[in-house]
Amino acid sequence: MKLKVLFRTSRKIVTELEGFGRFYADEPYEIWIDGKKYMESRRVIETIDGLMPDREYRISVRTPSGLEVEASARTAYEYVTLNVRKFGAKGDGIHDDTVAIQAAISCCPKDSRVLIPAGCYKVSSLFLKSRLTLELAEGAVLSAFTEREKFAILPGMTESWDEKGEYNLGTWEGNPLNMFSAILTGVDVEDVVITGKGVLDGNASEDNWWHDFRNIIGAYRPRMIFLNRCRRVTVHGITTRNTPAWNIHPYFSEDLRFIQLNILNPKISPNTDGMDPESCRRVEIAGTYFSVGDDCIAIKSGKIYMGKKYKRPCEDIEIRQCCMKDGHGSVTLGSEMAAGVRHLVVKDCLFINTDRGLRIKTRRGRGKDAVIEDVVFENIDMDGVLSPFVINSYYWDCDPDGHTEYVASKKPLPVDDRTPYIRQLAFRNIRAHNCHVCGAFFYGLPEAKIEEITMEDISIDYTAHPTPEYPAMMAGVDKVTKMGIFANNIKHFVTKRVTVKGQEGPAWQVENVDIWERE
């Protein structure tokens, strides 16, 4: 066990216990500050709050079994705190507090914070500025209006005056399209911290944003947090719930950190992905709890136009110490990934009752830049996941041509500029308990086989009463239960110490694999 200082502001320090559990610590522990007991916890990543600015603190973690580790950290300097109540915000759940809070944000100087104290603040969209710390105190709720007319529209694309360039603001599922501004919107800002124990509540329901959700009225639904072309942004501690669409959507941004969040939506809510980094670089997602109505984390890089024109992959992403529950996929790649996804590590996580664990969605037409490579999943526990591992090169759901012969054909077609590629994937030290549908479903393209899959130290077993379901959204696949490991169209398939127990039918069905190294 090692105590690491993960993050700090002027008022708090976030710690991480390395080598001491997956999301939950191996045993409960106490945190002591300067020789005094501060709190008890069971989370690997924890926040020490209520500290003073620019002060050195000595931190000690002690367990009942006698383990003890220490670290020290200094809180950041703070110039002033601007309380939104002094700017006219009422926090009574009735008054529109948007302008008052926006005024505090706009007036905040460097090395300072905007404080939203306990209360219910009705808002539409708030726009972030650079070098800002925005803190939602415990008991504070930013409660979003649901009337469309209260939200600005971010245009999908604006052509430059000389018709040689373009300016992209709005986006929807990988295309430049008009969208309503998010509850918290950042455009081209840097050095921003959003922190606290407060709540962002989108108030979405079947009575407003989720009703007839496929019908576009005015623009596409807003996100909870939208970061467009931002740099060095940290979002820590807050809870998001009842979002109209995706919860957190970083877009063409870099050097981002998302730490110890709670991202919550009803299981049946449409398009309420937890977090969707799109064409982003250097992203850290740590200690976050997801329970949503769609994919918990979906990593993207645009559909055809954006991927082909900007060629901006999503890359250098680490996801660790997270708990994913009740979503479609725990961690999904695609299907809008025309610029590719590379250098992804997912480790030390819990996946509970999601439809799929790892989910890769691609298809013909995504293009030659749609390359997935260097993806690692390790040290993961799954329970109740319907299908732990799914790679689908025939995903049909997002495009009108999804069921055409070009997309659906299982025959090898010519390799051209429309052909996507999947390269190296590795799965290590993973336990998948109480599966329902399929242990692993890997289906590459016959003309561009998956280059390499490694499965090492994997155990899979099945629930006694499984729910039949499709292992992947592709034509020609039926609902199944207790299916073993299916692999098709792979160049190099390495399996070491992989066990499948309780399946119906064969444990392995391997087809069109050039080299299968089995141990």
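For the structure, see preceding data.
Residues numbered from 1 in each chain as written. Predicted model: local features only at pLDDT ≥ 70, side-chain atom pairs only at ≥ 80, totals over all residues. Heavy atoms only, no water.

1. Considerations on the overall build of the protein chain
Right, so step 1: Each helix and strand in the protein chain was counted, giving three helices and 44 strands.
Right, so step 2: Principal axes of the C-alpha set define a box for the protein chain whose edges measure 65 × 65 × 40 Å.
Right, so step 3: Of all 519 residues assigned to the protein chain, the portion counted as buried reaches 60%.
Right, so step 4: In the protein chain, of all internal contacts separated by at least 6 residues, the share reaching a separation of at least 24 is 72%.
Right, so step 5: Of the roughly 19800 Å² of accessible surface on the protein chain, a fraction of 48% belongs to carbon and sulfur atoms. (Helix = DSSP H or I, 4+ residues; strand = E, 2+ residues; numbered from the N terminus. Buried < 20%, exposed > 50% of the residue type's maximum accessible area, 1.4 Å probe, protein only. Contact = heavy atoms within 4.5 Å. Areas by Shrake-Rupley, 256 points an atom, 1.4 Å probe, with all protein chains shown as cover.)

2. Focus: the pattern of salt bridges
Side chains that differ in sign of charge can pair as their charged atoms come close.
Right, so step 1: Summed over all chains, the structure comprises 43 salt bridges.
Right, so step 2: The salt bridge involving Arg62 is made with Glu68; its shortest N-O contact spans 3.4 Å.
Right, so step 3: The partner of Arg113 in a salt bridge is Glu135, and the shortest N-O contact between them spans 2.8 Å. With Arg113 in strand S11 (residues 113-116) and Glu135 in strand S14 (residues 132-136), this pair connects stretches of sequence that are 22 residues apart.
Right, so step 4: By sharing partners, the salt bridges in this structure join Glu254, Asp255, Arg281, Arg282, Arg312, Glu315 and Arg342 into a single network. (Salt bridge = Lys/Arg side-chain N within 4 Å of Asp/Glu carboxyl O.)

3. Focus on the packing of aromatic side chains
Right, so step 1: The tally for this structure, following the rule as stated, stands at 20 aromatic pairs.
Right, so step 2: Seen in terms of ring centroids, Phe389 and Phe427 are 5.0 Å apart; in terms of plane orientation they differ by 50°. Their pairing is tilted. With a gap of 38 residues between them, Phe389 in strand S38 (residues 387-392) and Phe427 in strand S40 (residues 424-435) connect regions that are remote in the sequence. Each member of the pair Phe389 and Phe427 is classed as buried.
Right, so step 3: Connected via pairs of aromatic rings, a cluster forms that spans Phe377, Phe389, Phe427, Phe442, Phe493, Trp508 and Trp516. (Phe/Tyr/Trp six-rings, centres within 6.5 Å; stacked < 30°, edge-to-face > 60°.)

4. What to know about the sheet that holds strand S20 (residues 184-187)
Right, so step 1: Strand order in the open sheet formed by four strands is S13-S20-S23-S26, and the pairing between neighbours is parallel. Of all the strands in the sheet, just strand S13 (126-127) and strand S26 (248-251) have a single pairing partner and so form its edges.
Right, so step 2: Pairing of S20 with strand S23 (residues 225-228), which is carried by four bridges, proceeds in the parallel orientation. Pairing of Val187 across the sheet is with Asn228, part of S23. (Pairing = 2+ DSSP bridges.)

5. Notes on the sheet that holds strand S2 (residues 13-18)
Right, so step 1: Ordered in space as S1-S2-S6, the three strands form an open sheet in which the pairing is antiparallel. With one partner strand each, in any of the chains shown, strand S1 (2-8) and strand S6 (45-48) form the two edges of the open sheet. Going across the sheet, the axis of each strand differs from the next one's by a mean of 30°, ignoring polarity.
Right, so step 2: Strand direction decides the pairing type here: S1 and S2, joined by six bridges, are antiparallel. (Axes fitted to C-alpha atoms, helices over the stretch in contact; angles between N-to-C directions.)

6. Some points on the nonpolar core
Right, so step 1: Counting residues in hydrophobic clusters, the biggest one holds 100 residues, and the most contacted among them are Ile319, Phe377, Phe427, Phe442 and Met455.
Right, so step 2: The residues contacting Phe442, other than those within four sequence positions of it, are Phe389, Ile391, Phe427, Ile453, Met455, Phe486, Ala487, Asn488, Ile490 and Phe493.
Right, so step 3: Grouped together as the second largest cluster of nonpolar side chains are 25 residues, Ile13, Val61, Ala71 and Ala73 included. (Core = buried A, V, L, I, M, F, W, Y, C linked by side-chain atoms within 4.5 Å.)

7. Observations regarding the side chain of Arg312
Right, so step 1: As for its placement among the helices and strands, Arg312 is situated in the loop between helix H2 (304-310) and strand S32 (314-320).
Right, so step 2: Residue classification places Arg312 among the buried positions, given a relative accessible area of 12%.
Right, so step 3: Setting aside residues up to four positions removed in sequence, Arg312 forms contacts with Phe252, Ser253, Glu254, Ser279, Arg281, Ser301 and Ala339.

8. Points about the pairing of strand S37 (residues 371-383)
Right, so step 1: As paired strands, strand S35 (residues 341-352) and S37 are joined by ten bridges and run parallel to one another. Bridged to Arg342 within S37 is Glu373.
Right, so step 2: As judged from the two bridges shared by S37 and strand S39 (residues 421-422), these two strands associate in the parallel manner. Residue pairing for S39: Ile372 is matched across the bridge by Ile422.
Right, so step 3: Pairing between S37 and S40: eight bridges, direction parallel. Each bridged residue has a counterpart across the sheet, and for Val376 the counterpart in S40 is Ala426.

9. Here's the deal with the environment of Glu456
Right, so step 1: For Glu456, the position within the fold is in strand S42 (residues 450-462).
Right, so step 2: Expressed as a C-alpha distance, the spacing of Glu456 and Asp397, which sit 59 residues apart in the sequence, is 31 Å.
Right, so step 3: Apart from residues lying up to four places away in sequence, Glu456 is in contact with Phe427, Arg428, Asn429, Lys496 and Arg497.

10. Concerning the pairing of strand S15 (residues 140-144)
Remark: a regular strand shows side chains that alternate across the two faces of the sheet.
Right, so step 1: Among the five residues in S15, five count as buried, and that is most of the element.
Right, so step 2: Taking every second residue as pointing to the same face, both faces of S15 are buried, with Ala140, Leu142 and Ala144 on one and Val141 and Ser143 on the other.
Right, so step 3: Pairing analysis gives five bridges linking strand S12 (residues 119-123) to S15, with the strands arranged parallel. Bridge pairing in S15 places Gly119 opposite Ala140.
Right, so step 4: Examined bridge by bridge, S15 and strand S22 (residues 199-201) share three bridges and lie parallel to one another. Note that in S22 the partner of Ser143 across the bridge is Asp201.

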